[in-house]
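Coordinates in review
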Amino acid sequence: MNNNKNLPVLILFLVGSCLYFPLNAETILSDNFEDQNYNGWEVNGNVATSGTVAIDSYALRLKRTATATTHIDTSTYQNVTVIMNLAASGLESGDECYAEISVDSGSSWQTLVKKIDGQDNKQFTQGAYNEAGASGNKDLQLRFRSTGNLLGDYCWGDNVTVTGNRASGPEIEISGSGVFGSVLLGQTSVHTVEINNLGNEPLSLQISNSNDSVFSWTHACPLSLIAGTSCQIDVSFTPSAVESYTAAITVNSNDSDESSLDIDLSGSGYETGGGSGTPDGFFEPLTGNGVTNRVELTAATLNGSSLDRLDYSAYALPENAAEPANRFEGRLVLNNGQKKVLNFEEQGTRLARSYVDEEELPIFDFEFIQSGSHIVPVNRGLIVASESVSWEWIIEPGRVWDEVGDNGYSRAAIPFALQESGANCTHNGVISFLFKDDGSITNAAVQVGGETCYYFKYDLWGMVDATYIPSSITSGTAIFAKYENEVARRMPIKSIEQLDIDFAQYDIDHSQFASEQGDDIVTFGVAIDGVHYTANCKTRYGNYPFCDVMDLPSYSTAKTVFASFALGLLSEQYGSNMRNSIVSEYVPECSGGQWTDVTFENLIDMATGNYNLSGYESDEGGTAAKNDFFLVYTHDEKINHSCNEYSRKAVPGSKMVYHSSDSYILGNALDAFVGEQDIYDKVVDEIYKPLGLSPVTYKAVRTSDSQADMYYSHGMTFHKDDLVKVAEFLTKSHGQINGQQVIDSEIVDDMLLQGDDLGLATFNDENRYLNGVWTWDMGSSSLYSCPSGTWVSYMSGYGGIGIVMLPNDMVYYFVSDSGTYTFNAAAVELQKIRSFCP
C-alpha cells in the first residue's frame, strides 16, 4: 500500500536544513545575493545587500519597515517548488519579519516563514511551497517583509530558489504588434508578428485567411511547429479612407490553455494636405547606441534617496537614446500607494499658508502600456486624487529608452500635472525612473518646476519609492492605437524660429511675440495656412521636455470653448429660437423675479441686467464672487450665489457686466434643456472628439457633490494643439465638421463680428463682448493703419491667456502668468505677411 498516494507528485526530501529535489527539475530562479545586488527585486524602504548575517557571504537586509518583492513567470512549468530563507535580529514586541508568497498577482499573501521577538537570533529558517498555485502562473510573487519601528530592527532574506518541471506539450507565445497608427492614404505599412513554440512537443497551427482589403497578411508557418522554433506572419495595412480600421488574425492551436488567440490589428488613414501631426520618425524605433554621457539623474541617483532640482533636459529623451530592451505594462505605484511629502518652495507668491497639503504628492497608482519607446497612461484626462485636499492628477504619454549607463534597465519619463482641486491652477512636472521587464524598478524622481497659475507658483521635488507591478492590460492595443491617432491628427508643427525663415521676405521678428507677457510666458504659437509654428514651453528649469502634451488651463476661455459652443450646438439642433428660452423655466433656483425675463442669449452675452456694481468687471473681482462662487465647491453653494447675489439694475440685453456665475447658470439651463444627457459630455462627443481635440479636454472640473456639475465658466484643460483647433473651427470651418454645420452659423457670425450685431461695450466702445467672445476694433490703433471697424475676436483666460482669431486668417495664442492680455507685438509682426485691413 502506498501511504503517499495523496501527496503531490513532486516529493521533497528534508535532510538537516536542506531540501533535495528529484532529478529533471529545472531552476527557474536562484538568488543568493552573492553578487551584492538585488536586481529583479522591487524594494520599498531601507533595503540593501549585507554580509552581517548570511547563509554564505551576503544576504538581503531589510531595516525597520520595508519590502522586497520579485515576480516569476512559471506559466510553462508544473510541480513548481519555492524555497525562501529568513532570519531576524534586534526585534522587539510587535516587530515581525516575513517570507511570503502570492499566487494571485499580489492580491493576497501566504506566509512561508515568520520571525518575531524571541526568534531574532540571526539563524535562518527555511520555508517551502509546492502547491498547485505556484505552477502555470504568469505572475508568481515572492516577498520579504519587515515591520520594525527602530533603526536596529533587521530582517534577512537569503537563498531563494524556484524549481519546476517543464510542462509537457506545446506552449504558444505570440510577440509583435498589430498597431499601425496613422498611415498616409494609398501607402502600405508592414508589421511582423512572431509565433513561438516554447513547449516540448509540436504545436499544431491553423491561422485564419486574409480576406480584408485594408489589412492583409502572409506567412510560411507550418501546420506543425517544432518545439523550440518560431515562424512569422507579415501583416500589411493600406488605408483607403480617412478613418480608423480594426481587424484580427485568429490563431488556433493545440496549446492546452490558449487554444485560440486573436492578434488585434488597428490603424487609421490620413490625407496629404490634411496634415499629419506625427513628427518624422516619432513612432519609429530609436536608432541611437545609448551612449549619452549622462551626468544628471544617473542610475546611481535614481537608486538613491536624495534629489536636487535639475534642468528639465535631464528628464528628456537624449539625442543618442537606444530603443528600450524592456517593456512596461502594468501598474506604477509611488510610495506604497500613500501620499508623499516632498521638498517644497514657493516661487514669488505667498499662498502656501492657504492650502492644507500643498507639499504632498497625492496617491499615485496608475496603469501604463508601452509600445516601442512610448508609454501611455490607461486613464487620460483629469483624475480626482484620492485623499488629496489640494490637487488632482493629469497623467500624459511619455517616453522610454535605453542608455549604456543604466545597467540593463530601461529609462522612463512621464509628464504629469497637478491641478488645483476645484479650480484651474495647473502645475507641470515629470516623473522618471529605471525599470526592467521582471518588475525591478528604481526610485522615481519627481519634479514640478513650472505652472500656469498667476496666484500660486512653487517647486515640488524629491525621490519617491516606486513599485512596478507587471500585468496584462487587456485594452492596451486599443489604447495605443488611440494615442497614435491623437498624434497623427495634430496640426503639422514647425518651430517658431522657422516662421522667420519661411516668411523671410517679410522680415518677421518672432522674438517680439509674447513680449508683453515677458518672463512670465509659458508658451505661445501661431497657425498660418495649415502649419502650427510653436514656441517651447518655458519653466523655471529650462524647456519642458513634453511641450506637445503640456497641460494648459482654460480658465475663462471655457466660456467660449464650452458655453458658446454648447449654445451654438443646441441652437443648430433645436432651432435658433431656443436661445430665447427663459432662465427661470429651466433653473428652479433662479425663480426670483429678476430672472423671469432673462434668456439663454442674455446669459452668454453677460447681459442679464442683474448686477451690484456697474463696472464691467467690478462684481467679478469683488469679495462676494470670490468667497461665495469661486471658493465654494458644491452645486447648491454656487447656484445660490449665481441666482441670488445680484439684483435687477438694467433691462436684459442692454448692458454687459461680466459674471462667471452667469456661465454657471447657463450650463445648468442647457443641462436641463437637453434632459438626460450631460451637456458637457454631449459637447465632447459631438464637437471635441470629431475635431480631434486631445483626451485632456474630455474631462473638466466639476462640483464636489453628487450632482457633479461642470463649472461651465472655467475648469477645462488643453494642449496647445487644441488652442489652434478650437479657433480654426470658427475661423476656417465656420462651425462645420466634415462639411456639416455643427454650431449655428448665426452664432459663429456673431463671434467673429461678421453680422450686424457688434455686441455690448465693455470699458469703451472699441472693446466689446458677444456670445462668449471679446472683440477689439484694431482700427482704433495707429499700429495697423486700418479703418475703424477692423474687428479682431479673441478668447481670454485669467492670468494672461489669449486665443486671438486675427482678421488676416491667422490664429495667435499665448499662455502666461503675467496678468497681461495684450497681443499687439505679435500682431504687428504678423500683419507684415497679410494685412488686417478689409
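Reference entry: report on the structure contained in this document. (Residues numbered from 1 in each chain as written. Predicted model: local features only at pLDDT ≥ 70, side-chain atom pairs only at ≥ 80, totals over all residues. Heavy atoms only, no water.)

What follows covers the environment of Tyr555. By the element assignment, Tyr555 lies in the loop between strand E40 (552-553) and helix H4 (558-574). You can call Tyr555 buried: its relative accessible area is 7%. Between the C-alpha atom of Tyr555 and that of Ser102, which follows or precedes it by 453 residues, the distance is 48 Å. Those residues in contact with Tyr555 that sit more than four places away from it in its chain are Asn424, Cys425, Thr452, Cys453, Tyr455, Ser713, His714, Gly715, Gly797, Tyr798 and Ile801. (Helix = DSSP H or I, 4+ residues; strand = E, 2+ residues; numbered from the N terminus. Buried < 20%, exposed > 50% of the residue type's maximum accessible area, 1.4 Å probe, protein only. Contact = heavy atoms within 4.5 Å.)

It is worth spelling out the state of the cysteines at this point. Inspection of every chain in the model, using the stated rule, returns six disulfides. Note that Cys590 is cross-linked by a disulfide to Cys643, the S-S spacing being 1.9 Å. On the sign convention where negative means left-handed, the S-S torsion of about -75 degrees between Cys590 and Cys643 marks this disulfide as left-handed. Taken as a pair, Cys590 in the loop between H4 and helix H5 (600-604) and Cys643 in helix H7 (residues 635-644) lie far apart in primary sequence, 53 residues in all. (Disulfide = S-S within 2.5 Å.)

A cluster of nonpolar side chains, namely Tyr454, Tyr798 and Tyr821, defines an oily patch on the protein surface of about 280 Å² accessible area. Tracing the chain through its elements places Tyr454 in the loop between strand E32 (444-452) and strand E33 (458-464). The exposure class assigned to Tyr454 is partly exposed, which follows from its relative accessible area of 38%. (Patch = residues over 30% accessible without salt bridge, like charges linked within 9 Å, V, L, I, M, F, W, Y side chains within 5 Å. Areas by Shrake-Rupley, 256 points an atom, 1.4 Å probe, with all protein chains shown as cover. Salt bridge = Lys/Arg side-chain N within 4 Å of Asp/Glu carboxyl O.)

This part is about the sheet that holds strand E14 (residues 189-197). Read from one edge to the other, the open sheet built from four strands follows the order E12-E14-E18-E16, with strand pairing classed as antiparallel. Sheet topology places strand E12 (172-175) and strand E16 (215-219) at the edges, where each strand pairs with a single neighbour. Taken pair by pair, the neighbouring strands of this sheet meet at an average axis angle of 20 degrees, ignoring direction. Pairing analysis gives five bridges linking E16 to strand E18 (residues 230-237), with the strands arranged antiparallel. Pairing of Thr218 across the sheet is with Asp234, part of E18. (Pairing = 2+ DSSP bridges. Axes fitted to C-alpha atoms, helices over the stretch in contact; angles between N-to-C directions.)

Our focus in this paragraph is the packing of aromatic side chains. If you walk through the whole model with that rule in mind, you get 55 aromatic pairs. Relative to Tyr245, the ring of Phe237 lies with its centre 5.9 Å away and its plane at 65 degrees, an arrangement referred to as edge-to-face. Classification of Phe237 as buried rests on a relative accessible area of 0%. Each ring, one from Phe328 and one from Phe368, has its centre 6.3 Å from the other, and the planes form 85 degrees; the classification is edge-to-face. Separated by 40 residues along the polypeptide, Phe328 in the loop between helix H1 (299-302) and strand E21 (329-334) and Phe368 in strand E25 (residues 364-371) bring together distant segments of the chain. Three or more aromatic residues joined by ring pairs make a cluster, and in this case those are Phe328, Phe364, Phe366, Phe368, Trp393, Phe416, Phe433, Phe435 and Tyr468. Sitting over the ring of Tyr98, Arg145 keeps its end group 4.2 Å from the ring centre. The ring of Tyr698 has Lys689 sitting right over it, with the charged end atom 5.0 Å from the ring centre. (Phe/Tyr/Trp six-rings, centres within 6.5 Å; stacked < 30°, edge-to-face > 60°. Lys NZ or Arg CZ within 6 Å of the ring centre and 35° of its normal.)

Strands sit in the order E35-E37-E36-E51-E50-E49-E48-E47-E46 across an open sheet of nine strands; the sheet is mixed. Each end of this open sheet is capped by a strand with a single partner; those strands are strand E35 (493-495) and strand E46 (760-764). Strand-to-strand, the axes of this sheet are offset by a mean angle of 25 degrees, without reference to chain direction. Pairing analysis gives three bridges linking E35 to strand E37 (residues 531-534), with the strands arranged parallel. For Lys494, the partnering residue across the bridge sits in E37 and is Tyr533. Along the sheet, helix H10 (residues 720-731) contacts strand E36 (521-528), E37, strand E49 (791-797), strand E50 (801-806) and strand E51 (810-816); its crossing angle with E51, the most-contacted strand, is approximately 145 degrees.

At a closest axis distance of 11 Å, the pairing of H4 and helix H8 (residues 660-674) adopts a crossing angle of 35 degrees. Between H4 and H8 lies a crossing of left-handed hand. When H4 is examined against H8, the residues Lys559, Ala563, Ala566, Leu567, Leu570 and Tyr574 are found in contact with a partner set consisting of Ser660, Ser663, Leu666, Leu670, Phe673 and Val674. Considered class by class, the residues forming the contact of H4 with H8 number nine nonpolar, two polar and one charged. (Left-handed = near helix turned anticlockwise from the far one by under 90°. Nonpolar A, V, L, I, M, F, W, Y, C, P; charged D, E, K, R; others polar.)

Quick look at the pairing of E21 now. Most of E21 is tucked away: five of the six residues are buried. Bridge count between E21 and E25: six bridges; the pairing is antiparallel. Residue pairing across strands places Leu334 opposite Phe364, the latter belonging to E25. Sheet topology note: the E21/strand E34 (residues 466-470) ladder contains five bridges and is antiparallel. Directly across from Leu334, in E34, lies its bridge partner Ala466.

Judged by nonpolar contacts, the single largest core of 126 residues is most densely connected at Phe562 and Tyr688. Top contributing element to this core by residue count: H4, with nine residues. Dropping the residues within four chain positions of it, Tyr688 is found in contact with Val561, Phe562, Phe565, Tyr680, Val683, Leu693, Thr697 and Met716. (Core = buried A, V, L, I, M, F, W, Y, C linked by side-chain atoms within 4.5 Å.)

Residue placement: Phe180 occurs in strand E13 (residues 179-184). Between the C-alpha atoms of Phe180 and His191, which are eleven residues apart in sequence, the distance is 7.7 Å. If sequence neighbours within four positions are ignored, Phe180 has contacts with Ser189, Val190, His191, Phe215, Val235, Ser236, Phe237, Ser266, Gly267 and Glu484.

What follows covers the pattern of salt bridges. Between side chains of opposite charge, a pair can form as their charged atoms come close. A complete count under the given rule lists 34 salt bridges for this structure. A salt bridge links Glu403 to Arg294, with the nearest nitrogen and oxygen atoms 2.7 Å apart. Taken together, the residues span a long stretch of sequence, with Glu403 in the loop between strand E29 (398-401) and strand E30 (410-420) and Arg294 in the loop between strand E20 (260-270) and H1 at a distance of 109 residues. For Glu403, a relative accessible area of 5% translates into the label buried. Among the salt bridges present, the one from Lys682 reaches Glu686, with a minimum N-O distance of 2.9 Å. On the criterion of helical spacing, the pair formed by Lys682 and Glu686 is a turn pair, its members being four residues apart in helix H9 (residues 679-691). Among the residues examined, Lys682 registers a relative accessible area of 7% and is labelled buried. One network of salt bridges, in which partners are shared, links Arg309, Glu345, Glu451, Asp459 and Arg540.

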